Each structure stands twice: as C-alpha cells, then as structure tokens.
Amino acid sequence: MASVSAPAQTAPAPTSPLQRGIVKMVLSGCAIIVRGQPRGGPPPERQINLSNIRAGAMARRAAQGQPDTKDTPDEPWAFQAREFLRKKLIGKEVCFTVEIKTALGREYGMVYLGKDTTGENIAESLVNEGLATVRREGIRGNNPEQARLCELEDQAKSSKKGMWSEGGGTHTIRDIKYTIENPRNFVDSLHQKPINAIIEHVRDGSVVRALLLPDYYLVTVMLSGVKCPTFKREADVETPEPFAAEAKFFTESRLLQRDVQIILESCPNQIILGTILHPNGNITELLLKEGFARCVDWSMAVYTQGAEKLRAAERSAKERKVRIWKDYVAPTANLDQKDRQFVAKVMQVVNADAMVVKLNSGEYKTIHLSSIRPPRNEGEEKNKDKDKRFRPLYDIPYMFEAREFLRKKLIGKKVNVTVDYIRAATGPGEGTPAFPERTCATVTIGGINIAEALVSKGLATVIRYRQDDDQRSSHYDELLAAEARAIKNGKGLHSKKEVPIHRVADISGETQKAKQFFPFLQRAGRSEAVVEYVFSGSRLKLYMPKETCLITFLLAGIECPRSSRNLPGGMQVAEPFSDEAMLFTKELVLQREVEVEVESMDKAGNFIGWLHIEGVNLSVALVENALSKVHFTAERSAYYKTLVSAEDACRQRKEKIWANYEEKPVEEVVHVSEEKERVANYRPVYVTEISDTLHFYAQDVETGGQLESLMETMRAEIATQPPVEGSYSARRGDFCIAKFADGEWYRARVEKVESPAKVHVFYIDYGNREVVSSTRLAAMPPAFSTRTLPAQATEYAFAFIQVPQDEDARADVVDCVVRDIQNSQCLLNVEYSGATCPHVTIQFGDTKDDVGLGLVKEGLVMVDVRKEKHLQKMVTEYLNSQESAKSARLNIWRYGDFRADDADEFGYSR
C-alpha cells in the first residue's frame, strides 16, 4: 500500500482498483489517514481526501519560533465534521478508490465503511448531515455519484441540518487552550478525578497529546510510572531507539483519536503525568507486559492504579524476554530455586541493614536487606580521626534504634528470605572501602517486609538507582512509598526533633570503673542485659540497658575450653571444643535479652557470675552439653549440685571434652564419695611480696629452677644485644622487661603510663610494683614471653582473716607478716576462692605453724567467719584463738570488744 508517485498533472485515474485499509486518524471532515496491516513492524500508511466535497478547516496553532504567525481557529462546523468521522471510522476497516492524484501526490477518492462498496459512503453521510459542502464546480452531469451528493446537499439545506441551520455556526468553534499558565495548580484542581479526553497525537509509546473535554485544553501527558524507547533528534535527524517505532504504533493503534478518560496525577517540572483509562484496558500495563516499556521509579510514586501491577507486568515481560528485554538476564538467574527462596533462623543482626541467618543445613549466611541504607554519619570519617573509639552503633544517630528494632523483631525467629540480587565484590577505590560479595534479599516475617517496616519508621533510607540498574528490591515501590510516609510524618531520620544521643560507657577492662560499679551490680541481684558479643564459650560482652554501659562478663562455676587468642607473646592455640562451645553460646544467647547475677570480679575488671536466658542457666547448659567442666569455685553456689550431676552424666557418656576421660581406681572413688572434708594439700612456695592490703605474692618452688634458668639466659642475651635506650614506647597492658634498682632486667607488665618519665610497672615474677622512666624499659624478647614460662608471681589472700580498717593497726599486721614470711619458703593450701584471688592458709616452712592463726592469737586481726561445712573445723579453731586474744586484751582488743556499738568510730568492721 505504499504511496505511488503522483502524475505530472491532475488526471482521472484510469479504472481505480478497490483498496482496503484501517482508519488510523481523521485529520478533518474530508481527510483521513489509512494504514495497512502490520507485518514485522509498523505498517505503511497514506492520506485519502474525500473527493467532490469540502469540510471546514480545523484550528491550527501558530508555528513555534515564528512571532509573525497567529493561531488559526476552527472554521464553523469543522470540529463537528471531524468528530462525526472520528466516531464512525477510527480503527475500522474501510475500502476506497483513488480517483484523482495531484501533481503534489495528494490522493482524492471515494471511501466506504466495510470491505466493499456496498458499505456506507462516507462523503454522502457527511453531506447528508450538513457537515460538508459539495464541490459543484467540477461536476459532470453523467456522474451519478456527484449527482447523488448534490441531491443530498439540497435535502440537508431544506432540513436546515448542520451548517445549513440558522445562526451561522459560531457556537461550533472551539476555544482551544494550547498552554496552561500554572500546570501544577491545574492538575491539583482536578483532584485526580478521571476527565474525558481525546488522544490527538502520539509522540512515542508513553507520551501523548490529549484534548481535555469539555474545556478544550490541549495538553501533553506522559504516562506515570513508565518510559518507552524514544526518537532522538540530533541535527534535524531523528533516530529511533530500538523498539521505539513499534512502541509508538502499539499506543497509536489503541489510543489515537479514541475517547478515553485521563487521571492527571502530578506535575513535576511542568511535565504532566497521568494514567489513560480505556474501556479495553490500561495502556500503561499493556506496554510493560508486551516489553515496550520499563518502569520508572521517579514517576511510579504518583501512579494511582497500584504500582505493584506495573512491576508484575514488567516482571512478566522480563521472564518471557520480549522486545526490550530480549537480552535480559535476571540478577538471580544463576541461583537454584532453593538458594533464591528459603526459610532461615536469624542468629545475629549486623548494624541495621544485615543479619546472619542459619539455614536448615546448619550453614550460616549473611543477608543484606535489599535497596536500603542504614543510618549514616555524614562526618563519620572526621569523627574517626578525632576520636579513635568511634562506635557506629552508639555514635551514629538512629543506628542503635534501627538495630534494636531488628533485634527485638527477628532474633531467634524464622524468617522468609527471597534473594533479589547478588552485589559483586568491589575493590578499594579512592576514598571508598572494599566490599565483599553481598547477598541482598527481601526478608519477611508474618507477612511483614522488614525493610519496609524499618524505612516506614524512619530508621533507614531507600537507595536510588540508575534507571537501567535492575539490581534492586523486588518490593522497591513499597519501600519508596514507606519512605515518603516517613518523610511526611517526620519519623526517625526525617524528624526535625533533636537527634537521640546514646552515652554508653564501656567499662570492659577499665579496672577502676569496674570496681566502682561492682557493688551496685552485686546488690542488684538479677539484672537485665543484652549479649552484644561472644568472645568464647564463657566470655561475653553485655549491654546493661538500665545502667547504659558495656561490661565483660565471665560465666561462673565452669571451666570452658579456651579459644585461640592474640597475646603479646604470640597466638595462643585454641583448646579442643573451644569453637563448639563458642558456637553453642552464640546460638543460645547472642543479642538475646538475658538476666545476670554478678558474684565477683577479677583483676582485669571483668565481672563473674551466672547468666540466665528463658529459665536456662548458661553455665549448666554448657556442662550438660559436655562443652565445659565444673570449676571448684562453683562449690559455694546454689547451682553446684545441678552442675555436678550434669558433668557426671557427660563423663559417663564420654561426650566431647570427656571423650578421653579415664575413670580413676575404685579406692580413690570411695575416698571422694565420703562426706566432704577440708582437703589439706600444702605445697611449697616462696613468698616474694606483701601488699598494704595484706595480700601477698608467691612463686611455686617447683618451677623456681625454670625461672632462674630463664632469667640467666635472658640476661645473657640482653648483654650481647642491649636494647636501645628510649626506643621502647610503653602502652598499658603490654608485657616488657624493666631494669630494677639492682641493675638487672626482669619481666614486667605496664599498668599505667602517666608520662614517659612515669611508667607504672608490675614485676610479673615477683609481685612488686615500681614507677620507672621509659628509658629503663624495653620490649620483651619473644623467647622469654609468658608463653615460654607463665608469670611466676601469683596473688593470694589470707583465709579466715579480716584485716583491720584502721591504718595503724593494718600497718602493724603487714610489718609483722613481712618480718615473718617475706623472702622465705612456706607451705600454702588453697581454702576457697575470692573476688580477686584465692584465699589460702600458709605455714612456716620449718615449724609448720599456721601464720594466719598466729596473727589471730596475737590479736592483730579478726576472724572472717565462713559458712561452708567442710571449713567449720578451721573456723572454730580460729574463733577460739580470737576469744583467747580478746580475753588477754592483745593489740586490737586492748579496749575490749569494740565491734558491738562503736566499730565505725574506731575504724573497724565485722
């Protein structure tokens, strides 16, 4: 049906063959555009002018950029004639004959509705309705068609139809408005109500020109939520993007000059966005479904007919790989179905956009929430430089709230995971860190999309993508809508209120702070806590919400296999089953809300006690699962019997840590099973230091030879390679070597650094302390570290003894003990454990007399009455000696028993 070149002069066509086509467009009351059937692309088309008649000219807008030209209005009855034909012909099949073809190629002919000339003659219908006039100047008497037209015109005149009616027809001229002064106000005034319209032009698949009725506004409307391939114009040359022509034809064939309803939805930047509703369907969804368009995020938000329908239509086209998606590869195309969708248990929440989940296979996997960004600190890098202890969880506004929201909702729960995309690993760039590969997914629990809930509370923001970036959440529109709600309601990150500040004190390893805090925790009984980190099976970091602080917590009553650790002397090798114990503890308590009972505190400022989760004692649980042994310190606790019975059961089954356990001979078993008594197992020690609090340090005589050998070797090595004076930079907690007053080097630990001239050190093999200059310090050679030989000085306290608070009385006791046992060999027996060190009885090496009992007899100290049954014999002996000293009014008893009423006045306490 391609147009044929016109003859040089106007001439009647010889015998015009009958041709067929579909009416694409009605230009006016006497001109139509007819197209053929599409075959592999948009079909050819041609303009046919109705011969022998004339209808009024339609309004024309002045040419843009030519100020001399003016808008031309409709001629009377021109629009009515166009409308008469439009309603009758658009999209219908017609047949036509071309009678005349002008020199310029214009074709005139007869048009009939239907497949042959028996159908309605369009020209006759127009003339009959008084919507067109007959061109009588060229009429030949022998032409019956022309004669018929003249007859119909005369009838219309006599019936006063159309243009022959009285009044001249000025009321039929439209007042067309080509521009709108304030498009946004205009769109808002319609309140998203459907408005009747005629589509006058299709620019591309998703942009049309519409005539709004009844006020005749001619507006350009872009379809909300989608974009079709377009025609790019460069230097007056128009080049279509792939599938642009097909998309345009798709829209044209369905909407051009059709009666539709349009919902004008928004007007950003003078662009009117809308949705076109046609009785046969929604063109926006159809374009997506057929692969002629892609979803557009920025306008999707204003789409009123349900954004999820658009995404579903686009997804359908992608799956079928039609048209613009012919080369599409899904982000999860390489994943098996079981890896794309699965149920998993949440074990840990990482910051506020990721979580560690446990699959049914037992494997752990880190999942990032798709398309969201957790709270960020704009000045994060600056803060890091200023404050080395920058803690994102507490220092970034709303990060803690976001993490807590996820933790409370998800920890320990089963969730549905749908993987949306895998973000490839990235190397470090300029100013950007390296990221490992990330699995990004939509996580739901009870039908709730967790990312959407997080965003709606203003605790995360939605990532914006390039239009062609398909790696995004499968519920991206819901996320955008949730963010819009959060912004509108001023939630979280979008709030104008003051940012919440979390002042969380970290007292892990801060001995002094821990000492001040210890009495409060001890008195509190059971305190609420959240497990923030698991270092090993029995070592945890806890967040105390009431006290807003972080503490290191050690499980009481058990001996758990130690994990590998970095120590100053090198890496400590992990003990068997240490990893299993740590995993067990992690699965049971990590990020859960627990209750803790603090009993004591160690030298490093770590709290020791019992941890309960949902009625389960973690110490007992570890022993029951053969991942810990019972420690002797559990004897005084209420959980001792439970621990021992659990341990016995595991020992008999030879599970895990008991796998290589060998039962002791029967004789020994009988001995152990007797009524428990105090065990006197004295061993030789060498007392090296006595403190002002009457604690003392002692070395085991058995390992004394090893210490002497190590010291000789170390000093010999130092003599051959002396350290450079002043080269050592002291840091608290570091092991080093220090030059003592005798000029010799000893192993030491840095306890405090006031200045390079004042460094507090503790001699780990002797127990004494000293303040030295850093010039007298050097790095400890690795061959002589605590891995080679552990620190030899162990701290002890006297059992059954209460030291006077009065300074003079205490000084007398310390002087007496220094005279009696310092730098001498004694015999030592551990009686029970204390808050910071074991409590022991100590005997003189020669006479075997009890040193502590001697102090009681001399009236220098009071008795600390213990309740344990197996110690009652010793306690009775000490109390009898105290009564003797009291009767003789020795030393602290010289004024009688001061403890009843005026103990505080005298500086004593019971």
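Model, not experiment: these values are computed from the prediction.

### What about the overall build of the protein?
Piece 1. If you tally the helices and strands in the protein, you get 24 helices and 48 strands.
Piece 2. Over its C-alpha trace the protein gives a radius of gyration of 47 Å, far above what one expects of a compact globule, namely 29 Å for 910 residues.
Piece 3. C-alpha atoms of the protein, sized along the principal axes, occupy 160 × 60 × 55 Å.
Piece 4. Expressed as a percentage of its 910 residues, the buried residues of the protein come to 44%.
Piece 5. Across the protein, contacts joining residues at least 24 apart in sequence account for 63% of those joining residues at least 6 apart.
Piece 6. Looking at the protein as shown, the accessible area adds up to about 47600 Å², and 49% of this sits on carbon and sulfur atoms.

### A look at the nonpolar core
Piece 1. In terms of nonpolar packing, the biggest core is built from 48 residues, with Met 355, Ile 367, Leu 369, Ile 372, Leu 410, Val 443 and Leu 454 touching the most fellow members.
Piece 2. With 6 residues, helix α12 (residues 399-410) is the largest single contributor of residues to this core.
Piece 3. Two domains each put at least three residues into this core: domain 3 (337-376 + 393-427 + 435-494) and domain 4 (505-658).
Piece 4. For Leu 410, the residues in contact, after removing those within four places along its chain, are Val 346, Met 355, Val 415, Ile 445 and Ile 450.
Piece 5. In terms of nonpolar packing, the next biggest core, distinct from the first, is built from 39 residues, Ile 507, Phe 518, Trp 610 and Val 630 among them.

### Section: the packing of aromatic side chains
Piece 1. Counted according to the given criterion, the structure contains 21 aromatic pairs.
Piece 2. Between Phe 696 and Tyr 796 the ring centres are 5.8 Å apart and the planes differ by 35°, which places this aromatic pair in the tilted class. Taken together, the positions of Phe 696 in strand β38 (residues 696-700) and Tyr 796 in strand β44 (residues 794-798) put the pair 100 residues apart, joining distant regions of the chain. The pair formed by Phe 696 and Tyr 796 is uniform in burial state, with each residue classed as buried.
Piece 3. Relative to Tyr 763, the ring of Phe 740 has its centre 5.4 Å away and its plane inclined at 80°; by these criteria the two rings are edge-to-face. Within this pair, whereas Phe 740 is found in the loop between β39 (735-739) and β40 (745-755), its partner Tyr 763 is found in strand β41 (residues 758-763), the two being separated by 23 residues in sequence.
Piece 4. Through a chain of ring-to-ring contacts, three or more aromatic side chains come together here, namely Phe 740, Tyr 746, Tyr 763 and Tyr 766.
Piece 5. Positioned above the aromatic ring of Tyr 746, the side-chain terminus of Arg 715 is 4.6 Å from the ring centre.
Piece 6. Here the guanidinium or amino end of Lys 886 rests over the ring plane of Trp 893, the centre of that ring lying 5.3 Å away.

### Here's the deal with the environment of Val 616
Piece 1. Positionally, Val 616 belongs in strand β35 (residues 616-617).
Piece 2. Note on Val 616: relative accessible area 34%, which makes it partly exposed.
Piece 3. In sequence terms Val 616 and Leu 588 are 28 residues apart; their C-alpha atoms lie 9.7 Å from each other.
Piece 4. Those residues in contact with Val 616 that sit more than four places away from it in its chain are Leu 611 and Ala 621.

### What about the pairing of strand β8 (residues 195-204)?
Piece 1. Along β8, 7 of the 10 residues are buried, which leaves the element largely enclosed by surrounding structure.
Piece 2. Note that β8 and strand β14 (residues 259-266) share 4 bridges and pair antiparallel. Note that in β14 the partner of Asn 196 across the bridge is Gln 261.
Piece 3. As paired strands, β8 and strand β9 (residues 207-212) are joined by 6 bridges and run antiparallel to one another. When the bridges of β9 are listed, Asp 204 appears paired with Val 207.

### Examining a positive patch on the surface
Piece 1. Residues Lys 409, Lys 413, Lys 457 and Lys 491 make up a contiguous surface patch of positive charge.
Piece 2. Assignment of secondary structure puts Lys 413 in the loop between α12 and β22 (414-423).

### Regarding the side chain of Lys 318
Piece 1. Within the secondary structure, Lys 318 sits in helix α8 (residues 307-320).
Piece 2. Overall, the relative accessible area of 10% leaves Lys 318 in the buried class.
Piece 3. If we ignore the near neighbours within four places in the chain, the residues touching Lys 318 are Trp 325, Tyr 328 and Asp 470.

### Considerations on the sheet that holds strand β3 (residues 45-50)
Piece 1. Read around the closed barrel, the 5 strands follow the order β1-β2-β3-β6-β5; overall the barrel is mixed. Pairs of neighbouring strands in the sheet enclose a mean axial angle of 55°, with direction left out of account.
Piece 2. As paired elements, β3 and strand β6 (residues 107-113) share 2 bridges and run parallel to each other. Bridge pairing in β6 places Leu 50 opposite Gly 109.

### Some thoughts on the pattern of salt bridges
Piece 1. Scanning the model with the defined rule gives 49 salt bridges in all.
Piece 2. Ionic pairing is found between Arg 311 and Asp 297, a salt bridge with its closest N-O pair at 2.8 Å. Of this pair, Arg 311 sits in helix α8 while Asp 297 sits in helix α7 (residues 297-300); the two residues are 14 residues apart in sequence, bridging distant segments of the chain. Residues Arg 311 and Asp 297 agree in their burial class; the two are buried.
Piece 3. One salt-bridge network, held together by shared partners, links Asp 297, Arg 311, Glu 314, Lys 318, Arg 472 and Asp 477.

### Considering unusual backbone geometry
Piece 1. Omega for the bond connecting Leu 213 with Pro 214 falls within 30 degrees of zero, at 5°, which places this linkage in the cis form.
Piece 2. You can see Pro 214 is positioned in the loop between β9 and β10 (217-223).
Piece 3. If you check the backbone angles, Asn 351 has positive phi at about 50° while not being a glycine.
Piece 4. Inspection of the secondary structure puts Asn 351 in the loop between β18 (341-350) and β19 (354-358).
Piece 5. Since its relative accessible area comes to 37%, Asn 351 is described here as partly exposed.
Piece 6. Not every positive phi belongs to a glycine, and Lys 656 is a case in point at roughly 40°.
Piece 7. Inspection of the secondary structure puts Lys 656 in the loop between α18 (640-653) and α19 (666-673).
Piece 8. For Lys 656, a relative accessible area of 34% puts it in the partly exposed group.

### So, the UniProt feature "domain: TNase-like" (unreviewed entry) in the protein
Piece 1. As annotated in UniProt, the feature "domain: TNase-like" (unreviewed entry) corresponds to residues 17-166, 193-327, 340-496 and 525-660 in the numbering used here.
Piece 2. Along residues 193-327 one finds 27% helix and 39% strand; the C-alpha atoms at either end are 39 Å apart.

### Topic: the domain arrangement of the protein
Piece 1. With domains assigned, the protein is organised as domain 1 (18-172), domain 2 (183-325), domain 3 (337-376 + 393-427 + 435-494), domain 4 (505-658), domain 5 (700-792) and domain 6 (799-909).
Piece 2. A straight line from the C-alpha centre of domain 1 to that of domain 2 covers 30 Å.
Piece 3. Between domain 1 and domain 2, roughly 1200 Å² of surface is buried when both sides are summed, and carbon and sulfur atoms account for 56% of that area.
Piece 4. Per-residue buried area on domain 1 facing domain 2 is highest for Lys 24, Pro 42 and Arg 86; these three make up 38% of the total on that side.
Piece 5. Remark: the boundary between domain 1 and domain 2 carries 3 salt bridges.
Piece 6. Between Glu 252 and Lys 24 there is a salt bridge, with its nearest N and O atoms 3.4 Å apart.
Piece 7. The tally of links from domain 1 across to domain 2 stands at 5 residue pairs in polar contact (both at pLDDT 80 or more).
Piece 8. Breaking the side of domain 1 that touches domain 2 down by element, the ones donating at least two residues are β1 (19-28) and α1 (78-89).
Piece 9. Take the side of domain 1 that touches domain 2: its biggest share by element is 5 residues, from α1.

About the thresholds
Residues numbered from 1 in each chain as written. Predicted model: local features only at pLDDT ≥ 70, side-chain atom pairs only at ≥ 80, totals over all residues. Heavy atoms only, no water. Helix = DSSP H or I, 4+ residues; strand = E, 2+ residues; numbered from the N terminus. Rg over C-alpha atoms; globule rule 2.2 N^0.38 Å. Buried < 20%, exposed > 50% of the residue type's maximum accessible area, 1.4 Å probe, protein only. Contact = heavy atoms within 4.5 Å. Areas by Shrake-Rupley, 256 points an atom, 1.4 Å probe, with all protein chains shown as cover. Core = buried A, V, L, I, M, F, W, Y, C linked by side-chain atoms within 4.5 Å. Domains from an automatic or database assignment. Phe/Tyr/Trp six-rings, centres within 6.5 Å; stacked < 30°, edge-to-face > 60°. Lys NZ or Arg CZ within 6 Å of the ring centre and 35° of its normal. Pairing = 2+ DSSP bridges. Patch = residues over 30% accessible without salt bridge, like charges linked within 9 Å, V, L, I, M, F, W, Y side chains within 5 Å. Salt bridge = Lys/Arg side-chain N within 4 Å of Asp/Glu carboxyl O. Lys, Arg positive; Asp, Glu negative; His and termini not counted. Charge placed at Lys NZ, Arg CZ, Asp CG, Glu CD. Axes fitted to C-alpha atoms, helices over the stretch in contact; angles between N-to-C directions. UniProt positions renumbered as here; feature names shortened; annotations may be inferred. Buried area = accessible area lost by both parts, 1.4 Å probe. Polar contact = N/O pair within 3.5 Å; in protein donor to acceptor, adjacent residues only side chain to side chain.

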